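Topology and contacts: notes
Below are the chains, spelled out letter by letter.
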Amino acid sequence: MSSSGAFSRADRLLSRRDFQAVFARPRRSRDAFFTLLFCHNELGRPRLGLAISRRRVPRAVDRNRLKRQVRESFRHARPGLPAVDIVVMAGPEAAAAGAGALRASLARHWQRVAAKTQSAEEGGDRADG
RNA sequence: GGAGCCGGCCAGGCAGUCGCUCGCCGCAUGGCGGCGGGAGGAAAGUCCGGGCUCCGGCGGACAGGGUGCCAGGUAACGCCUGGGGGGCGCGAGCCCACGGAAAGUGCCACAGAAAACAGACCGCCGGCGCCGCUGUGCGGCGCAGGCAAGGGUGAAAAGGUGCGGUAAGAGCGCACCGCGCGGGUGGUAACACGCCGCGGCACGGUAAACCCCACCCGGAGCAAGACCAAAUAGGGGAGCAGGCGACGGGCGCGAGCCCGGCGCACCGGUGUCCGCCCGGGCUCCCGGGUAGGUCGCAAGAGGCCGCCGGCGACGGUGGUCCCAGAUGAAUGGCUGCCCCCGACAGAACCCGGCUUAUCGGCCGGCUCCAUUU
RNA sequence: UGGGGUGUAGCCAAGUGGUAAGGCAGCGGGUUUUGAUCCCGCCAUUCGCAGGUUCGAAUCCUGCCACCCCAG
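Computed from a predicted structure; not experimentally measured. Residues take numbers from 1 onward in each chain, read along the sequence in its written order. As a convention, the first chain written is A and the first ligand written is 1, with the rest following in written order. Where totals are concerned, whole chains, interfaces and linings use all residues; where local detail is concerned, this predicted model gives features only for residues with pLDDT of at least 70, and gives and counts side-chain atom pairs only at 80 or more. Each side-chain value is derived from all of the structure's non-hydrogen atoms; neither hydrogens nor water enter the calculation.

What about the pattern of salt bridges?
The salt bridge criterion pairs a side-chain nitrogen of Lys or Arg with a carboxyl oxygen of Asp or Glu, the two atoms within 4 Å. Overall, the coordinates contain seven salt bridges when judged by the stated rule. Residue Arg 65 is joined to Asp 62 by a salt bridge in which the shortest nitrogen-to-oxygen separation is 4.0 Å. Residue Arg 65 and its partner Asp 62 are located together in helix H2 (residues 60–77), separated by three residues, close to a single helical turn. Exposure is judged per residue with a 1.4 Å probe applied to protein chains only, and the accessible area is read against the type maximum: over 50% gives exposed, under 20% gives buried, and values in between give partly exposed. Since its relative accessible area comes to 10%, Asp 62 is described here as buried. Runs of H or I in DSSP of at least four residues are treated as helices and runs of E of at least two as strands, each being numbered from the N terminus.

Structural notes on the packing of aromatic side chains
Within 6.5 Å between ring centres, the rings of Phe, Tyr and Trp (the latter by its six-membered ring) count as paired, and their orientation is classed by plane angle as stacked under 30 degrees, edge-to-face over 60, tilted in between. Evaluation of the coordinates by the stated rule reveals three aromatic pairs. An angle of 65° between the planes, with centres 5.6 Å apart, marks the rings of Phe 7 and Phe 74 as edge-to-face. Taken as a pair, Phe 7 in the segment before helix H1 (16–24) and Phe 74 in helix H2 lie far apart in primary sequence, 67 residues in all. Like Phe 74, Phe 7 is buried. Grouped by ring-pair contacts, the aromatic residues Phe 7, Phe 74 and Trp 110 constitute a single cluster.

Some details on the sheet that holds strand S3 (residues 47–51)
Across the sheet, which stays open at both edges, the four strands sit in the order S1-S2-S4-S3 with mixed pairing between neighbours. Because the sheet does not close on itself, it has two edges, and the strands there are strand S1 (27–30) and S3. Averaged over all pairs of adjacent strands, the angle between strand axes in this sheet comes to 20°, irrespective of strand direction. At least two bridges found by DSSP between two strands are what make those strands a pair. Where S3 and strand S4 (residues 84–90) come together, five bridges link them in parallel fashion. Among the inter-strand pairings, Leu 48 is bridged to a residue of S4, identified as Ile 86. We call two residues in contact when some of their heavy atoms are within 4.5 Å. Fitted lines through C-alpha atoms give the axes, limited to the stretch in contact for helices. The angle between two N-to-C directions lies from 0 to 180 degrees. Sitting on the sheet, H1 touches strand S2 (34–40), S3 and S4, and the angle it makes with S2 is about 95°. Those strands touched by H2 are S2, S3 and S4, and its axis lies near 165° from that of S3.

Examining the protein's contact with RNA strand B
The full set close to RNA strand B counts 22 residues, and Phe 7, Arg 9, Leu 13, Phe 19 and Asn 64 are the nearest of them. Among the atoms of RNA strand B close to the protein, meaning within 4 Å, 70% are from sugar or phosphate groups. In this structure, a base oxygen belonging to RNA strand B sits 2.8 Å away from a side-chain N or O atom of Arg 68. Between RNA strand B and Arg 75, the relevant distance is 2.7 Å, taken from a sugar or linking oxygen to a side-chain nitrogen or oxygen of the residue. Looking at the surface near RNA strand B, the elements that each hand over two or more residues are H1, S3 and H2. Top element by residues in the surface near RNA strand B is H2. It accounts for seven residues. Class assignment of the residues belonging to the surface near RNA strand B gives a composition of nine nonpolar, three polar and 10 charged. Only heavy atoms are used to decide nearness, and a residue is near a molecule or strand if one of them lies within 4 Å of it. The definition of a polar contact used here is a pair of N or O atoms within 3.5 Å, where within protein one atom must be able to donate a hydrogen and the other to accept one, and adjacent residues in sequence count solely through side-chain atom pairs. Throughout, the ten residues Ala, Val, Leu, Ile, Met, Phe, Trp, Tyr, Cys and Pro are labelled nonpolar, Asp, Glu, Lys and Arg are labelled charged, and all others, Gly among them, are labelled polar.

Here is the structure:
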């Protein structure tokens, strides 16, 4: 629970069930590099799941690099995030992007995730689809 | 100094800081702390070869597939080493699917006269007949022949060069070269020989066409497979078999029926079949559980150093080291400094090769050219 | 990660050693008052790419590339 920079297995989506839960009722945040799906969880902390498909990013080196960038960015942004499960998917442009561009993109995504979640909670279950 | 050939190695470095994962230790038990390890030469393509696991075990025949100069190396190979033959290069060196076409079959389009037991379009040659011209001669046309040197076609036209020979020619004869067969010598062998004898020469190409010869190969694959838990044995339904033979026993007047063990048949890994051993009623459908966990899963045909054997690939031996092990998937982010500003690229059961991608750098050996002393 | 398959014109495709069929689409022309139908003609395809075997390769062999399918 120490809110240092740690990022352990408890902070990741580990099973098929976790992923299906996010895919079932997703909120979205998308740009040219990444698509994020997220939804509220009951754990009181954010969790990250990666879904970098081989179709979108053919080379293993690029897939690994993207995953590292996303994890690292998430690790730093984690204290400012609400209790949501987030699935990050990559678009075809992501493989060609530099580290700086990726970080900037991800930072915007984390802000949007926080903002959307907060507004939904303030709105007090204003049931929408 | 320049150009080049071969072999081996490296794959930005250092410091700080924040993280991930595995192992060990400690606290006292699932949280933290300390120490240590943490992608590649190709991890890739999945093109070969093995290990391992399951298909019950072993052997054989055919089918199917693979390999293809010889000899070694190896767990094995389509790999490697050495050698032979052929080709390229002044050279160091490099390249080659390199068995058999006199075992048989098929194919060789178009062109060309003829394309495989050769053939005769143009042509060359003399003979005969007719005709013409300036006379025993020359020319033309025709007929029956001879020839395979020249032309032309073709990817390929049935030894080459020279001399003799002839009507013209021809291995027709001879010399040299080439070729074939038999032998000899050297070599484990492939093969070699400026060793001998025989044959005038007969055998076109294609086997990455069928094929023949020699050797090798069972099938799947870690999503293999094993274990744990209510938990892999069973429940319900349907179908097909419960056969044949001799023998022994029982019942019956008898045809026959019942029982027993034995043999055959049937089923059990691969395309087919056979033999022996082992096991066994068989097949199908229905419902309830599987993206739970553990093992397999990393100490190995292992790396490094030395010695011995070998031209070498490699083998033997002694010492030493432990060197990724994830599983929604770790091996990274940031900052600073330095340099020649960093290529191709990311393990998923493991290993030996091949192939493909790749910025650049280092070391060793060698060749050719130029130059200096 | 492992196993399997396919590449021939814009599309669907045949061909399996000797000039690469055919259809749809497209373009041009003819027929027709116009259109449809019909008729004629046209596709510079290095046959996915690169080597090799052969006199000759889409076809045979080797190595690459791209795409698709199956298995938890």
